[in-house]
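Topology and contacts: notes
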Amino acid sequence: MDKKMTYEEAMNRLDEIIAVLEENKATLDESIKLYEEGVELAKFCDSKLKSIEDRVVKIYENGTMQTYEGDHNGTNDSGNQ
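The notes below deal with the structure included here. Predicted, not measured: the structure shown is a model, and the values here were computed from it.

Once that is clear, we can look at the overall build of the protein chain. Helix and strand content of the protein chain: two helices and zero strands. Residues classed as buried in the protein chain amount to 21% of the 81 residues present. A fraction of 52% describes how many contacts in the protein chain between residues 6 or more apart in sequence connect residues 24 or more apart. Just so you have it, the protein chain exposes about 6,300 Å², and 52% of that area is on carbon and sulfur atoms.

Pasting the structure below:
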């Protein structure tokens, strides 16, 4: 998985994986690889969402918009380090 992937790209790829697995046309080995990729994508998306939640809480607690340096993974909103 590309660590510079955006949340939207990860979700789109996850949708693709789900569609392939639901069709039951992949081999067992392909299905396992897709499942593993899907788990990693789900973790990535969860991490991104938690980061955004933390950011919103911080903004709410401070009562003003603050410059935000990055999320848990050391990336900023554009996904760059």
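Turning our attention to the pattern of salt bridges. Inspection of every chain in the model, using the stated rule, returns four salt bridges. With a shortest N-O distance of 3.2 Å, Glu16 and Arg13 are connected by a salt bridge. Pair noted here: Glu16 and Arg13 are both in helix H1 (residues 7-23), with a separation of three residues, about one helical turn. Judged by its relative accessible area of 43%, Glu16 is partly exposed. With its nearest N and O atoms 2.9 Å apart, the salt bridge here joins Arg13 to Glu37.

Here H1 crosses helix H2 (residues 28-62) at 150 degrees, and the two axes come no closer than 9 Å. Taken as axis vectors, H1 and H2 run roughly antiparallel relative to one another. Both H1 and H2 take part in a crossing whose hand is left-handed. Two secondary-structure elements touch here, H1 through Tyr7, Ala10, Met11, Arg13, Leu14, Ile17, Val20 and Leu21 and H2 through Ser31, Leu34, Tyr35, Glu37, Gly38, Leu41, Ala42, Phe44, Cys45, Lys48 and Leu49. Here the residues of the contact of H1 with H2 sort into 14 nonpolar, two polar and three charged.

This brings us to the nonpolar core. Considering soluble globular proteins, one finds that nonpolar side chains tend to be buried as a cluster. Listed in full, the eight residues of the largest apolar core are Met5, Ala10, Leu14, Ile17, Leu34, Leu41, Phe44 and Cys45. If you list the elements that add at least two residues to this core, you get H1 and H2. Sequence-distant contacts of Met5, that is, excluding residues within four places in its chain, are made with Ala10, Leu41 and Phe44.

It is worth spelling out the environment of Glu30 at this point. Note on placement: Glu30 falls in helix H2. With relative accessibility at 42%, the residue Glu30 sits in the partly exposed group. Residues Glu30 and Val20 lie ten residues apart in sequence; the distance between their C-alpha atoms is 9.9 Å.

Our next topic: the environment of Leu49. Here Leu49 shows up in helix H2. With a relative accessible area of 46%, Leu49 lands in the partly exposed category.

Cut-off values and rules
- Residues numbered from 1 in each chain as written.
- Predicted model: local features only at pLDDT ≥ 70, side-chain atom pairs only at ≥ 80, totals over all residues.
- Heavy atoms only, no water.
- Helix = DSSP H or I, 4+ residues; strand = E, 2+ residues; numbered from the N terminus.
- Buried < 20%, exposed > 50% of the residue type's maximum accessible area, 1.4 Å probe, protein only.
- Contact = heavy atoms within 4.5 Å.
- Areas by Shrake-Rupley, 256 points an atom, 1.4 Å probe, with all protein chains shown as cover.
- Salt bridge = Lys/Arg side-chain N within 4 Å of Asp/Glu carboxyl O.
- Axes fitted to C-alpha atoms, helices over the stretch in contact; angles between N-to-C directions.
- Parallel < 35°, antiparallel > 145°, perpendicular 65-115°, else oblique.
- Left-handed = near helix turned anticlockwise from the far one by under 90°.
- Nonpolar A, V, L, I, M, F, W, Y, C, P; charged D, E, K, R; others polar.
- Core = buried A, V, L, I, M, F, W, Y, C linked by side-chain atoms within 4.5 Å.

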